[in-house]
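As a plain string of letters, each chain reads:
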Amino acid sequence: MRTDERYIAVRRMIQAGDITMLNQCFNIIPKSIVAEDLGEHKGRYSTRLTGIENMTYKDIKNLSSLFEIDITIVFKLIDNQARSNEASKQSVFDNKN
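Before going into details, it helps to say that this report is about the structure given with it. What you are looking at is a predicted structure, and each value in this text was computed from that prediction instead of being measured. The written sequence of each chain sets the order in which its residues are numbered from 1. Residues qualify for local features only when their pLDDT is at least 70, as the model is predicted, and side-chain atom pairs are given and counted only at 80 or more; totals for whole chains, interfaces and linings, by contrast, use all residues. No hydrogens and no water enter the side-chain calculation; it runs on all heavy atoms of the structure.

Notes on the overall build of the chain
Then step 1. We count a stretch as a helix when DSSP gives it H or I for four or more residues in a row; a strand needs E for two or more, and each element gets its number in order from the N terminus. Of regular secondary structure, the chain possesses 6 helices and 0 strands.
Then step 2. Relative accessible area decides the class of each residue, using a 1.4 Å probe on protein chains only: under 20% of the type maximum gives buried, over 50% gives exposed, and in between gives partly exposed. Relative to its 97 residues, the chain shows a buried fraction of 31%.
Then step 3. Here, residues are in contact when the closest pair of their heavy atoms is within 4.5 Å. Contacts spanning at least 24 positions in sequence make up 52% of the contacts within the chain whose residues lie at least 6 apart.
Then step 4. A 1.4 Å probe and the Shrake-Rupley method give the accessible areas. Residues count as covered only by the protein chains that appear here. Carbon and sulfur atoms make up 49% of the accessible area of the chain, which amounts to about 6300 Å² in all.
Then step 5. His residues and chain termini do not enter the charge count, which takes Lys and Arg as positive and Asp and Glu as negative. Every charge is mapped to an atom, namely NZ of Lys, CZ of Arg, CG of Asp or CD of Glu. Each charge class in the chain was averaged separately, 14 positive and 13 negative side chains, and the resulting centres sit 3 Å apart.

As structure tokens, then:
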């Protein structure tokens, strides 16, 4: 099976530092394609990505294999996104006061 060229583009953008959070990957390759390539139902996969802090080691390992990048990089992308999500929530609460 030939690798979708978008995975290669995402990997290169991660390596170049242009992608710093996991959700940015899905601007290049849709979640539905990633879910399909992982053999998962796209609705369930999208829901899991919404609660990024709850991703399992297996989820992260599978993404690492799919994007052909080191698993520690995927952990970093997820951590960056979780921190960004937390900062966004905090700013919403700060603006209510």
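Thoughts on unusual backbone geometry
Then step 1. The phi torsion at glutamate 68 lies on the positive side, around 55°, for a residue other than glycine.
Then step 2. On the secondary structure map, glutamate 68 appears in the loop between α5 (57–67) and α6 (71–96).
Then step 3. For glutamate 68, a relative accessible area of 47% gives the class partly exposed.

Side note on the packing of aromatic side chains
Then step 1. What counts as a ring pair is set by centres within 6.5 Å for rings of Phe, Tyr and Trp (its six-membered ring), and what kind of pair is set by the plane angle: stacked under 30 degrees, edge-to-face over 60, tilted for all other angles. Under the criterion given, the structure shown has 2 aromatic pairs.
Then step 2. Ring centres of tyrosine 7 and phenylalanine 67 lie 5.4 Å apart, and the angle between their planes is 70°; this geometry places the pair in the edge-to-face category. A residue pair is termed long-range when its members are at least 10 positions apart, and tyrosine 7 in helix α1 (residues 5–16) and phenylalanine 67 in helix α5 qualify at 60 residues.
Then step 3. When its relative accessible area of 3% is taken as the criterion, tyrosine 7 is described as buried.

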